[in-house]
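# Breakdown of the fold
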Amino acid sequence: PMSKYAGEQVLVVPRALFDEIGSFEGIRTEGLESAVARLLDPASHFFMDRAAAEEDPSHKQLIPYCVFRFEDQVFHYQRGTAQGEARLHAKRSIGVGGHVSTADLAKAQSPYLEGMRRELEEEVDIECGWSEDCVGLINDDETEVGKVHLGIVHIFELDNPKVQPREKSMINAGFAPLAELIKQIDQFETWSQICLKFLAECENS
């Protein structure tokens, strides 16, 4: 049968490189700049067939994971059933982003940054000014999805709580206080749970 990914090629790094940088569970913030620089070094990453990558834990697909924040409010949404990853259906999320593909190679920026820009453009309308900061790497080898992905977390500090979903599969979207989302943490996908805990720790430190 035709793969649902129809020949899509995605950006991956060898699991061995991740282990060399220092594998971890959850979120990692120390040594971030050099770790990200190594992951995004064109000598370290390459493209592979997504259908194969999804089943191959010896590689990690790099995923920009963008979190939108206005003061104490965090953007959140639920994944409806139109979304491609069946393993995440109906889960809530605070992360917007996705795979970097060969379509992102043609542009002037690095394919990773281009992929992040494209995913944001496809998934949301940011209707205000913002500043962006890369804050951590996220890893979860406990789940099937997590084993084959590595997240790079970007926090967007917004001037206003104005982000609208574009994707039909993003439902029940809006902003809510971090404290409220923490109370509902069990409803979120693992990466979002990791990020919510991280945001709460930052706030309390």
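Shown above is the structure to which this text applies.
This section reports on the structure supplied with the text. (Residues numbered from 1 in each chain as written. Predicted model: local features only at pLDDT ≥ 70, side-chain atom pairs only at ≥ 80, totals over all residues. Heavy atoms only, no water.)

### Regarding the nonpolar core
Counting 21 residues, the largest nonpolar core has Val67, Val74, Ile94, Leu181, Cys195, Leu196 and Leu199 as its most contacted members. Breaking this core down by element, the ones donating at least two residues are strand E4 (59-70), strand E8 (130-139), strand E9 (149-158), helix H6 (178-183) and helix H7 (190-204). Broken down by element, the residue count for this core peaks at seven residues, all from H7. In contact with leucine 181, not counting residues within four places along its chain, are Val74, His76, Arg92, Ile94, Ala176, Phe188 and Leu196. Judged by nonpolar contacts, the second largest core, of 17 residues, contains Leu17, Phe18, Phe24 and Ala35. (Core = buried A, V, L, I, M, F, W, Y, C linked by side-chain atoms within 4.5 Å. Buried < 20%, exposed > 50% of the residue type's maximum accessible area, 1.4 Å probe, protein only. Helix = DSSP H or I, 4+ residues; strand = E, 2+ residues; numbered from the N terminus. Contact = heavy atoms within 4.5 Å.)

### Considerations on the pairing of strand E1 (residues 9-14)
Note that E1 and strand E3 (residues 46-49) share four bridges and pair antiparallel. Pairing of valine 12 across the sheet is with phenylalanine 46, part of E3. Pairing of E1 with E4, which is carried by three bridges, proceeds in the antiparallel orientation. Note that in E4 the partner of valine 13 across the bridge is lysine 60. (Pairing = 2+ DSSP bridges.)

### Quick word on the side chain of serine 44
Summarising the element assignment, serine 44 is placed in the loop between helix H2 (32-40) and E3. If we ignore the near neighbours within four places in the chain, the residues touching serine 44 are Val12, Val13, Pro14, Leu17, Arg38 and Leu39.

### Describing the packing of aromatic side chains
Per the stated rule, a full pass over the model turns up seven aromatic pairs. An angle of 65° between the planes, with centres 5.6 Å apart, marks the rings of phenylalanine 18 and phenylalanine 24 as edge-to-face. You can call phenylalanine 24 buried: its relative accessible area is 15%. Directly above the aromatic system of phenylalanine 18 lies the positively charged group of lysine 60, at a separation of 5.3 Å from the ring centroid. (Phe/Tyr/Trp six-rings, centres within 6.5 Å; stacked < 30°, edge-to-face > 60°. Lys NZ or Arg CZ within 6 Å of the ring centre and 35° of its normal.)

### Regarding the pattern of salt bridges
If charged atoms from side chains of opposite charge come close, those side chains can pair. Evaluated as defined, the whole model comprises 15 salt bridges. Among the ionic pairs, glutamate 54 bridges to arginine 50, the shortest N-O distance being 3.1 Å. With a relative accessible area of 4%, glutamate 54 lands in the buried category. On the basis of relative accessibility, which here comes to 11%, the residue arginine 50 falls in the buried class. The partner of arginine 69 in a salt bridge is glutamate 157, and the shortest N-O contact between them spans 2.3 Å. With arginine 69 in strand E4 and glutamate 157 in strand E9, the pair connects residues that are 88 residues apart, well separated along the chain. For glutamate 157, a relative accessible area of 31% puts it in the partly exposed group. What emerges from the salt-bridge pattern is a single network uniting Arg15, Asp19, Lys60 and Asp141. (Salt bridge = Lys/Arg side-chain N within 4 Å of Asp/Glu carboxyl O.)

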